[in-house]
Number of protein chains: 4
Amino acid sequence: MSAQMDRLKKTLKDFFAEKSSTSKIMEAFEPGKPLDRRLFAIYLIETFHYTRHNARNQAAVAINHVDLDIRYMKYCLKHAHEEAGHEMMAFHDLKSLGYKGTVEKLPEPLPQTQTLIGYLYHVSKTGNPLARLGYSFWAERSYQYIEPMLGAIRDEFGIKKGGMTFFDEHSDIDTKHAAEVEEVIERTCKTDEDWKAIEDCMIMSLKLTGLMMKTVYEEFLLLQQGKSDRYAFLNESIQK
Amino acid sequence: MSAQMDRLKKTLKDFFAEKSSTSKIMEAFEPGKPLDRRLFAIYLIETFHYTRHNARNQAAVAINHVDLDIRYMKYCLKHAHEEAGHEMMAFHDLKSLGYKGTVEKLPEPLPQTQTLIGYLYHVSKTGNPLARLGYSFWAERSYQYIEPMLGAIRDEFGIKKGGMTFFDEHSDIDTKHAAEVEEVIERTCKTDEDWKAIEDCMIMSLKLTGLMMKTVYEEFLLLQQGKSDRYAFLNESIQK
Amino acid sequence: MSAQMDRLKKTLKDFFAEKSSTSKIMEAFEPGKPLDRRLFAIYLIETFHYTRHNARNQAAVAINHVDLDIRYMKYCLKHAHEEAGHEMMAFHDLKSLGYKGTVEKLPEPLPQTQTLIGYLYHVSKTGNPLARLGYSFWAERSYQYIEPMLGAIRDEFGIKKGGMTFFDEHSDIDTKHAAEVEEVIERTCKTDEDWKAIEDCMIMSLKLTGLMMKTVYEEFLLLQQGKSDRYAFLNESIQK
Amino acid sequence: MSAQMDRLKKTLKDFFAEKSSTSKIMEAFEPGKPLDRRLFAIYLIETFHYTRHNARNQAAVAINHVDLDIRYMKYCLKHAHEEAGHEMMAFHDLKSLGYKGTVEKLPEPLPQTQTLIGYLYHVSKTGNPLARLGYSFWAERSYQYIEPMLGAIRDEFGIKKGGMTFFDEHSDIDTKHAAEVEEVIERTCKTDEDWKAIEDCMIMSLKLTGLMMKTVYEEFLLLQQGKSDRYAFLNESIQK
């Protein structure tokens, strides 16, 4: 493992140790707390939205850089192929919670979710073509951090195996993908600028994901207080 | 003035009244404080970067929606035309501070600045084509809020009229543009969804601009502490 | 006038003198020939389609080249602004011929029209940013060549002034625009590659327009023979 | 096999039977004719250029249609992955002919090649998302038609197996891919519009490829006559 990889991992670990930006939603799901399935439903809706663009912005790296190293180009397209359609798992889990509608009936993504989506497209299409690896790097490793939260959700609600497909699926392919991203980074990075671009994208996409999760929680509080237009439809279909 | 316009203005006023996210940099520039031109230089660099994309994402609204109302399409292209090249005013002011290099030698935009840029492209290219008006709405009205800060910079540094062209130019065309955007919004909005899309984009782009400004300040603190690689070149050319 | 401009004009004149690719439709509209309004209708439909993208691919030049000379960028956006909505004149003229439907009810553009559109987007977004001037160069000068054809249409059908707005409008602004494009080319071209890119785009877009017109004529023959699914709806609304 | 698939195959066969648009270059390579390697070199250069975009416009289908059927989306990304880098085979074969330069030193694509590229991007990004299958449909089946030409080239020049990798590779995967495309078309097409979009794209991309080949031949004649600036560099490196 290179010194730069070491540093990247440490930066990621430090970010999660601090967890100032992701804490609210984490706390809400902590073991022992009384849970509200509607919070999980809102989270799944926003997860559906940004996940829908993950394969697309991944493939955009390959399309928008005409001089790309071909081995890296092939990685991007292969990874995009693997990610395609994963949003339907989040949608499936939403239906398991009781949602009866179609994909088209879902509310638009929150502005904060749009920010994450827009940032990832921008980083994928312009600037250093390796940058987006910073997003994959943490996303493929995040399940160890989310695991306790997921356990709490499962236990509290008695959700069966088939009701959390999005997270189960991603946990399963975790180790394999994380190793693969690590290998691609080590092989493809040539300069300090490359490593910096990856680190910047890792940290920024983490922060934007944290901002999205924080907003999910705030929207849930609005819903609890009867002040949410956007998610009021959940009151009918999702059992608290 | 419609009730919705009234609400939009109130929402904007409330945001600035709270100013939690923009406060740090504002405080730093408050009258009486000893100033460091390097802070202003960093701010100008990031302003250069996002301004470079303003005409472009404005025109992107016209390009990416093939069924656009033609009068609104013409507004977008006319406004893009007016905004084109404004980044060179920020660059000119940076040179007035002592920067000797070229545009190409500037550091890449901060990840937070890229987030603002990426968000505006995403909002311009997809979803409700009126949304981006929310960005214009506050941007054309913001100079009243920034005025005190600009006065402080001018006084403290004894910057001459020609050294703050970016802000002077934008102050001058302020009233005209603000009225124009208001008129376009009133004429073009048909549904509650239209008004909501504009409000969402207004608030989100304000928050992202605040985040950018906060980061500018943090980067300045790093520079002061001798810990900034990115902006270390300013030590040579910008007189404190 | 530079030697290169001289050559560009000669190349254009030679192309029209030969007119091998545009001849069929020209012949069909020659004075004295019995005319069929349905041919003119098909021509207007395809004109509607490609014109709809002219302002858009013109603005795409400004959006997709981030280092563009700002004066040229402003020209692109100004010209895009002027071109916006011109497709509605072609649609208006189609309605003058008797078409009762909406824009949405029109058949999709012919593959040959899509080829012209796709080529212009590709040239505008990639490669030499000056290339698209070659399209403007001939388009703004073409009305002198089309004039006899238009006269024939007008006389034969007794079409009133208000029934050929697309061509009348473009004839009127002809001289002004042609001079403007010429000036921009002279001012902006620096290298032989620039002049070559403009000439290549001029010739290629002329050929593709010729191909579109030839196909319009072939489609008309199919319609005459009762073999056209695409344009059969014209039989009901357009008087022969 | 559906009736529509039957018709698609017949349309393709009829096109090649007529071969009016591809004939010139075919004739030039006919067995027994004295050959000039420079013609093959020009052909390889243009093949390099359009092939470079094949994986990209294939992936563009998946990126630009957000509501795409996920199984079809996965096909597009998988196919893009397989096509990625194939242009390097054409480049390799060019080097086998004697070319000493780099990819960057190659002349820009011919306007006719740009037209093919631009058309495929346009069809991939807009309109019916199935249309591009029409390009794959004929491209995967074309080697049976090109086979005699390839045999002539190989024999005449005594080119060894490793010197025609682009065509050998594509011949080998021919049967497999052709069956796969056929299956995807049968599975994914639901309406007459879908079948028509595929047929239109098949015919138009065939015609544009024919136009490109015809122009390659014309450029070769210019080179033979000492009138080509673009390809004059081939005189030094490619043995006639």
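Conventions we followed
- Note that residues are indexed from 1 along each chain, following the sequence as it is written.
- The lettering of chains begins at A and the numbering of ligands begins at 1, in the order of writing.
- Only residues with pLDDT of at least 70 get local features here, since the model is predicted, and only at 80 or more are side-chain atom pairs given and counted; chain-wide, interface and lining totals rely on the full set of residues.
- Just so you know, side-chain values use all the structure's heavy atoms and leave hydrogens and water out.
- A least-squares superposition brings the copies together, and it is based on the C-alpha atoms of residues with pLDDT no lower than 70 in both.
- Contacts are residue-level and defined by heavy atoms, with any inter-residue pair within 4.5 Å sufficient.
- When two rings of Phe, Tyr or Trp (its six-membered ring) have centres within 6.5 Å they constitute a pair, described as stacked for plane angles under 30 degrees, edge-to-face for angles over 60, and tilted for the intermediate range.
- The helix and strand labels rest on DSSP assignments: H or I over at least four residues marks a helix, E over at least two residues marks a strand, and numbering proceeds from the N terminus.
- Between buried and exposed lies partly exposed: a residue is buried under 20% and exposed over 50% of the maximum accessible area for its type, with that area taken using a 1.4 Å probe on protein chains only.
- Summed over both partners, buried area is the accessible surface (1.4 Å probe) that two parts give up on being assembled.
- Basic side-chain nitrogens of Lys or Arg form a salt bridge, by our definition, when they fall within 4 Å of a carboxyl oxygen of Asp or Glu.
- Two N or O atoms count as a polar contact when they lie within 3.5 Å, although within protein this holds only if one can serve as hydrogen donor and the other as acceptor, and sequence-adjacent residues are included solely when both atoms are side-chain atoms.
- All amino acids are sorted into three groups, where Ala, Val, Leu, Ile, Met, Phe, Trp, Tyr, Cys and Pro are nonpolar, Asp, Glu, Lys and Arg are charged, and the leftover types, Gly among them, are polar.
- Only four residue types enter the tally: Lys and Arg on the positive side, Asp and Glu on the negative side, with His and both chain ends excluded.
- By definition here, a helix of n residues has an expected span of 1.5 Å times n minus one.

(A) Focus on the relation of the copies chain D and chain A. Of the transformation superimposing chain D on chain A, the axial component is 0.0 Å and the angular component is 180°, with the fit at an RMSD of 0.0 Å. Read as a symmetry element, the transformation amounts to a two-fold axis. For chain D, the residue whose C-alpha comes nearest the rotation axis is Leu77 of chain D, separated from it by 3.1 Å. Looking at chain D, 100% of its interface residues are interface residues in chain A too, so the copies touch through the same face.

(B) Representation of the packing of aromatic side chains. Tallied over the full model, the rule gives 28 aromatic pairs over all chains. With centroids separated by 6.0 Å and ring planes inclined at 50°, the aromatic side chains of Phe48 of chain C and Phe91 of chain C adopt a geometry described as tilted. With a gap of 43 residues between them, Phe48 of chain C in helix H3 (residues 37-64) and Phe91 of chain C in helix H5 (residues 87-96) connect regions that are remote in the sequence. Judged by relative accessible area, which is 2%, Phe48 of chain C ranks as buried. Judged by relative accessible area, Phe91 of chain C falls into the buried class, the value being 6%. Three or more aromatic residues joined by ring pairs make a cluster, and in this case those are Phe48, Phe91, Tyr99 and Phe233 of chain A.

(C) Up close: the interface of chain B and chain A. Counting from both sides, the interface comprises 17 residues of chain B and, opposite them, 17 residues of chain A. With both chains or domains summed, chain B and chain A bury close to 1300 Å², and 64% of this area falls on carbon and sulfur atoms. In terms of surface lost to chain A, no three residues of chain B exceed Thr115, His122 and Met204 of chain B, which account for 35% of the buried area on that side. Scanning the region where chain B abuts chain A turns up 2 salt bridges. Note that Arg230 of chain A is salt-bridged to Asp200 of chain B, the shortest N-O span being 3.6 Å. The tally of links between chain B and chain A comes to 0 residue pairs in polar contact (both at pLDDT 80 or more). Listed by contribution, the elements that provide at least two residues to the side of chain B that touches chain A are helix H7 (111-125) and helix H12 (192-224) of chain B. With 11 residues, the top contributor of residues to the side of chain B that touches chain A is H7 of chain B. Along the lines of polarity and charge, the residues of the side of chain B that touches chain A split into 8 nonpolar, 5 polar and 4 charged.

(D) Quick look at the side chain of Glu219 of chain B. All names here are of chain B. By the secondary structure assignment, Glu219 is in helix H12. At 4.5 Å, Arg230 is the nearest oppositely charged side chain to Glu219, a buried residue that forms no salt bridge. In this structure Glu219 touches Ile42, Leu110, Ser228, Arg230 and Tyr231, once residues within four positions along its chain are discounted.

(E) Representation of the interface of chain D and chain A within the structure. Contact with chain D, which involves 24 residues of that partner, is made by 24 residues of chain A. Of the roughly 2000 Å² buried at the junction of chain D and chain A (both faces included), carbon and sulfur atoms supply 67%. Area buried by chain D at its contact with chain A is led by Arg56, Ile63 and His81 of chain D, which between them contribute 33% of it. Here chain D and chain A share 2 salt bridges between them.

(F) Expanded view of helix H6 (residues 111-125) of chain A. Residue and element names in this part refer to chain A. Over its 15 residues, H6 runs 21 Å from end to end, which matches the ideal 21 Å to within 8%, given 1.5 Å per residue. Of all 15 residues in H6, 14 are buried; the element is thus mostly enclosed. Following H6 by one or two positions, Gly127 adopts a phi angle in the positive range, close to 70°.

(G) Quick peek at the pattern of salt bridges. Tallied over the full model, the rule gives 48 salt bridges over all chains. Its salt-bridge partner being Arg7 of chain A, residue Glu199 of chain A comes within 2.9 Å of it at the nearest N-O pair. Note that Glu199 of chain A is positioned in helix H11 (residues 192-224) and Arg7 of chain A in helix H1 (residues 3-18), a separation of 192 residues in sequence. A relative accessible area of 14% places Glu199 of chain A in the buried class. Where Asp67 of chain A meets Arg52 of chain D, a salt bridge forms, and the shortest distance between an N and an O atom there is 3.3 Å.

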